[in-house]
Amino acid sequence: DQIARALLAARKVWVLGLRSSQAFASYLRWQLFQVKEDVLLAPHAGDTLGQTLASVTARDVVVVFALRRRPVALGTLLAQLVQAGHRVLYISDEQVPRQSGLSWHLYCACDSDSPLDDHVAVTGLCHLLASRVLELAGPAERVRMTAIEASHDALREL
């Protein structure tokens, strides 16, 4: 609930994923965007991490997905976010040591007997976070979902 409340109260939520983590960042952003307007996927095509860092404020929350095969730059990015005092939700696999200075660090079990990682826990965590944000949003934030559904009906999108 603490994380869901922080996501709801944030000026903007920046959801970041590099390499294979980008798919999960995109998924969480899509789910949260149904309730909260200012949810941004970073880095966006053509953007740099520096542009993203320069845009984050103290009123924002940064969600960083860091699953296996993390790029080296991720450590520097985290260090800069922490040094700047930003609220960071770090979602990683269990092979990552606990990172100091982060607001929250959640682990997902991704080990598998097959050559492919198992991402069921990551998807489940995304669902849990999005569901809690929706439940805690209350009627005022749900106005957005009603407007989205009205637009879907008008455009015959679904």
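Refer to the structure above for everything that follows.
Keep in mind the model is a prediction, meaning the values are calculated, not measured.

Conventions adopted
Residues numbered from 1 in each chain as written. Predicted model: local features only at pLDDT ≥ 70, side-chain atom pairs only at ≥ 80, totals over all residues. Heavy atoms only, no water. Axes fitted to C-alpha atoms, helices over the stretch in contact; angles between N-to-C directions. Helix = DSSP H or I, 4+ residues; strand = E, 2+ residues; numbered from the N terminus. Parallel < 35°, antiparallel > 145°, perpendicular 65-115°, else oblique. Contact = heavy atoms within 4.5 Å. Nonpolar A, V, L, I, M, F, W, Y, C, P; charged D, E, K, R; others polar. Buried < 20%, exposed > 50% of the residue type's maximum accessible area, 1.4 Å probe, protein only. Pairing = 2+ DSSP bridges. Phe/Tyr/Trp six-rings, centres within 6.5 Å; stacked < 30°, edge-to-face > 60°. Lys NZ or Arg CZ within 6 Å of the ring centre and 35° of its normal. Core = buried A, V, L, I, M, F, W, Y, C linked by side-chain atoms within 4.5 Å.

**Q** Account for the packing of helix α2 (residues 21-33) against helix α5 (residues 120-155), with residues named and values stated.
**A** Two measures define how a pair of helices packs: the angle their axes make with one another and the distance between the axes. Put simply, α2 and α5 touch, their axes get as near as 7 Å, and they point 25° apart. Between α2 and α5, the angle falls in the class roughly parallel. In contact with Phe24, Tyr27, Leu28, Gln31, Leu32 and Phe33 of α2, α5 contributes Val122, Thr123, Cys126, Leu129, Ala130, Val133, Arg144 and Ile148. Considering only residue class, the contact of α2 with α5 consists of eleven nonpolar, two polar and one charged.

**Q** I'd like a rundown of the pairing of strand β4 (residues 87-93), residues and numbers included.
**A** Side-chain positions along a regular strand alternate between the two faces of the sheet. Extensive coverage of β4 is indicated by the burial of six of its seven residues. Here six bridges tie strand β3 (residues 61-66) to β4, and the two strands are oriented parallel to one another. Of the residues in β4, the one forming a bridge with Ala66 is Ser92. Where β4 lies against strand β5 (residues 104-108), five bridges are found, and the strand directions are parallel. Note on β5: the bridge partner recorded for Ser92 is Tyr107.

**Q** If you had to explain the packing of aromatic side chains to someone new, which residues and values would you point to?
**A** Taken as a whole and judged by the stated rule, the model has one aromatic pair. Over the aromatic face of Phe33 sits the side chain of Arg29, whose NZ or CZ is 4.1 Å from the ring centroid.

**Q** Account for helix α1 (residues 2-9), with residues named and values stated.
**A** Note on helix geometry: an α-helix contains 3.6 residues per turn, so any two residues three or four positions apart are oriented the same way. Three or more residues of α1 are buried, namely Ile3, Ala4, Ala6, Leu7 and Leu8. Elements in contact with the buried residues of α1: β1 (13-17), α2, β3, β4, β5 and α5.

**Q** Describe in detail the nonpolar core, supporting the description with residues and values.
**A** A general tendency of soluble globular proteins is for nonpolar side chains to be buried together. Ranked by internal contacts, the top residues of the largest apolar core, which has 29 residues, are Val63 and Phe65. Those elements that provide at least two residues to this core are α1, β1, α2, β3, β4, β5 and α5. Looking at which element gives the most residues to this core, the answer is α5, with seven residues. Counting 17 residues, the second-largest nonpolar core is a separate cluster that includes Leu53, Val56, Tyr90 and Val96.

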